[in-house]
Each structure stands twice: as C-alpha cells, then as structure tokens.
2 protein chains.
Amino acid sequence: MVKYQEAELNDIFSALADPTRRALLARLEEDDDALSVSELAAPFDVSLPAVMKHLNVLSGAGLIARQKTGRTVRVRLQPEKMAHAMEWLRRYERFWTDRLDRLAAFVENAAQNETPTHPATPQDQEDR
Amino acid sequence: MVKYQEAELNDIFSALADPTRRALLARLEEDDDALSVSELAAPFDVSLPAVMKHLNVLSGAGLIARQKTGRTVRVRLQPEKMAHAMEWLRRYERFWTDRLDRLAAFVENAAQNETPTHPATPQDQEDR
DNA sequence: TCAATACTTAACCCCATGGTTAAGTATCAA
DNA sequence: TTGATACTTAACCATGGGGTTAAGTATTGA
C-alpha cells in the first residue's frame, strides 16, 4: 500500500519532469481547461504523435482526463494527484519556512479546523 | 532566464522521480542530516556505485551537498530547491483547496505578515 | 460515397538512465 | 609501509523515453 503510493509518485514526478508536459499542463490550466488534442498540440514544435505520447504519460499519471466526442477529444486538467506530490514535498518545507512555523502554530489555534495552503508570497521574507 | 528555471525544474522533478532517490532524501531528513556515503547506502540493496550515481543526480539538482573530511564524505540535505517545485505546483493548488481559500484570506488578515505552509492534514476535507 | 479531418498506432532511432562488476585513488591504522 | 577502509571512476549492459515518419481508424461534410 505504501508501495502503491511510491509508484504513483514515480509517475507524477516523472510526468512533471518534462518541460513539454509541464507546458501542456500550464496551457490546460490557463485556457478554459478543455482543449482538443490538436488545439493543445498546435503551439508546440513537435509532431502530433509526440504530443500523444506526452498525453499518455500525463493520463497515466492521472493528471489529465480525455473525453471523446465524435472525432475530437477534449482534454481536461485533473490535477488532484499533484496534491500527493505536494504532500511529499511538504515534509521538507520546514527547511525553508523555519520561522513561519510559529505562525502556523498560531493559525492552528485561531482556526481550529485546518491550516490553509495558498500563501500569497511564500518564501521571500526568508533569507538564509 | 525562464529557460534556466525550466532546466532547474527538469532536474528537480526528475531527481524526485526515482524511489531510491526519494528514500535517500527521506533518510537524510529524518536522520541528523549528515550521513556518510556508506551509511547512506547501507539500507539499500543496490551497489555503492549505483548509490553514487543517485547522489550525483541529487547534487546535480542541488538537493544535497557533499563535504569531504579525510576519506569519508558527509552528505547533507539541501532542500531549498524543492521550494521551486512547490511553487510550480502551487499554481494548481486551487483545484484541490477551493474552499480553503476563505481560511487563507482570514489568515492574511489575522497575521498581517504571511501565511504558513505546514498544514497537518491538507486535503481530506475536499471530496470533489 | 468519398475526401478531408482528428486522432491513434506502429515501427523505428538515438541516447539517457539505472544497474552491474572491476579497477583506481586517497586516507587511516597498525 | 602496507593493508584495510571509503569513496570514485570506468566500462559495460539492458531498458525506457522522447522524437520521428508512415500507416491506420473513425467521424464529418459535401
């Protein structure tokens, strides 16, 4: 079961390791997150089959979903799995947010429930 | 300059894509974060040269640093670069933390300064 | 029905990656 | 000084990843 998570992280991190794939994800995020395969491929200087392979990797990692309607395929972002990568990284976050932990403790008191994860400017005030 | 960041992300994400390398980092994080190469390699069932290669990849990505004293080499964690990976991922964070944004806003008010990024249980309350 | 469109699959290349074993280089201890 | 220790480098191997071109399969529109 921990093994499974390992494999998932392998897939996610190696999916994110390629700049073209990151660009594809970025495009899906900024555009109305449901582009056809050809629309998606257009800005890139690689062939369509190459983009297909990238899409296969991305959906293999669970980061996108495809939906076929007629002869066109809409691709939409499905970035929930990225949360797992974030979780893994969070373990190391203390190294660059040491002094923010005080604040974190405060927040856990203030807002009984949970701490947020959408900071405006995360690290700039640290200079280490 | 954006190109440079791209290359850096390539290195970081592909360094993290291998389970052995993640385990090495985890070991460096939990132990007193300065182990010798042999100590570091001991728990793994791969050869020392294989571990060496992983360490090369990790230091190539700037995630560890080596310091030679006599004939032993201490390896220490240097996870600051992971912040860049986090930053990249943060762009997508809204997809799984929609309703936490209210809380984030609250925190930004409460603690003028900054929001923390060390939550205890990040995503469970979302079910989408 | 037939051609264009939209995507997919196949077959191939090259080279990077992760592993090996074996040999090489310092350094330490006796 | 000599042998063990700690790490490094070299040489090799198999696999997989990212790219290509070419061919294949639906669908759509005329």
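Further up the page is the structure itself.
Because the structure is predicted, anything quoted here is derived from the model rather than measured.

Peer 1: Explain the overall build of chain A to me, using residue names and the numbers behind them.
Peer 2: Summing up its helical and strand segments, chain A has 6 helices and 3 strands in all. Along chain A, helices and strands appear, N-terminal first, in the series α-α-β-α-α-β-β-α-α. Counting all 128 residues of chain A, 46% fall into the buried class. Put simply, of all contacts in chain A between residues at least 6 apart along the chain, 51% involve residues at least 24 apart.

Peer 1: Please provide a residue-by-residue account of the protein's contact with DNA strand C, values included.
Peer 2: Around DNA strand C lies a shell of 20 residues, among which A:Ser38, A:Met52, B:Ser47, B:Lys53 and B:His54 are the nearest. Each atom of DNA strand C within 4 Å of the protein was assigned to sugar, phosphate or base; sugar and phosphate come to 64%. Contacts to DNA strand C include A:Val73, whose backbone N or O atom sits 3.0 Å from a phosphate oxygen. In this structure, a phosphate oxygen belonging to DNA strand C sits 2.3 Å away from a side-chain N or O atom of B:His54. Contributions of two or more residues to the surface near DNA strand C are made by α3 (37-41), α4 (48-60) and β3 (72-77) of chain A together with α4 (48-60) of chain B. Residues of the surface near DNA strand C, tallied by class, amount to 8 nonpolar, 6 polar and 6 charged.

Peer 1: So, the protein's contact with DNA strand D: which residues are in play, and what are the values?
Peer 2: Around DNA strand D, the structure places 19 residues, and the nearest of them are A:Ser47, A:Lys53, A:His54, B:Ser38 and B:Met52. For DNA strand D, the backbone makes up 65% of the atoms found within 4 Å of the protein, where backbone means sugar plus phosphate. Take A:Lys53: an N or O atom from its side chain is 2.3 Å from a base oxygen of DNA strand D. A distance of 3.4 Å is found between a phosphate oxygen of DNA strand D and a backbone nitrogen or oxygen belonging to B:Val37.

Peer 1: Now, about the sheet that holds strand β1 (residues 35-36) of chain B: what can you tell me, with residues and values included?
Peer 2: Backbone-to-backbone hydrogen bonds join strands into a sheet, with any given pair of strands oriented parallel or antiparallel. All names here are of chain B. Read across the open sheet, the 3 strands follow the order β1-β3-β2; overall the sheet is antiparallel. Strand pairing shows two members of the sheet lacking a second neighbour, β1 and β2 (64-69), which therefore form its edges. Relative to strand β3 (residues 72-77), helix α2 (residues 19-30) is tilted by about 90°, and along the sheet it contacts β1, β2 and β3.

Peer 1: Break down the pattern of salt bridges for me, with residues and values.
Peer 2: One pass over the structure, following the stated rule, counts 16 salt bridges over all chains. In this structure, B:Arg91 and A:Glu29 form a salt bridge, with 2.7 Å as the shortest nitrogen-oxygen distance. With B:Arg91 in helix α5 (residues 82-93) and A:Glu29 in helix α2 (residues 19-30), the pair connects residues from two separate chains. A salt bridge links B:Arg90 to A:Glu93; the shortest N-O distance between them is 3.9 Å. Note that B:Arg90 is positioned in helix α5 and A:Glu93 in helix α5 (residues 82-93), a pairing that runs across two chains. A relative accessible area of 9% means that B:Arg90 is categorised as buried. Given a relative accessible area of 0%, A:Glu93 falls into the buried group. Linked by salt bridges that have partners in common, A:Glu29, A:Glu30, B:Arg91 and B:Arg94 make up one network.

Peer 1: Provide a residue-level description of the sheet that holds β3(A), including the pertinent values.
Peer 2: Residue and element names in this part refer to chain A. In space, the 3 strands of this open sheet follow the order β1-β3-β2, with antiparallel pairing throughout. The sheet is open, and its two edges are formed by β1 (35-36) and β2 (64-69), each paired on a single side. The sheet contact formed by β1 and β3 spans 2 bridges and is antiparallel. Of the residues in β3, the one forming a bridge with Ser-36 is Arg-74.

Peer 1: Kindly report on the packing of α2(A) against α5(B), identifying the contributing residues and their values.
Peer 2: For the pair α2(A) and α5(B), the least separation of the axes is 10 Å and the interaxial angle reads 30°. Regarding the angle of α2(A) to α5(B), the classification is roughly parallel. Once α2(A) is placed against α5(B), the crossing between them reads as left-handed. On α5(B), the residues that touch A:Arg22, A:Leu25, A:Ala26, A:Glu29 and A:Glu30 of α2(A) are B:Trp88, B:Arg91 and B:Tyr92.

Definitions and limits used
Residues numbered from 1 in each chain as written. Chains lettered and ligands numbered in written order. Predicted model: local features only at pLDDT ≥ 70, side-chain atom pairs only at ≥ 80, totals over all residues. Heavy atoms only, no water. Helix = DSSP H or I, 4+ residues; strand = E, 2+ residues; numbered from the N terminus. Buried < 20%, exposed > 50% of the residue type's maximum accessible area, 1.4 Å probe, protein only. Contact = heavy atoms within 4.5 Å. Near = heavy atom within 4 Å. Polar contact = N/O pair within 3.5 Å; in protein donor to acceptor, adjacent residues only side chain to side chain. Nonpolar A, V, L, I, M, F, W, Y, C, P; charged D, E, K, R; others polar. Pairing = 2+ DSSP bridges. Axes fitted to C-alpha atoms, helices over the stretch in contact; angles between N-to-C directions. Salt bridge = Lys/Arg side-chain N within 4 Å of Asp/Glu carboxyl O. Parallel < 35°, antiparallel > 145°, perpendicular 65-115°, else oblique. Left-handed = near helix turned anticlockwise from the far one by under 90°.

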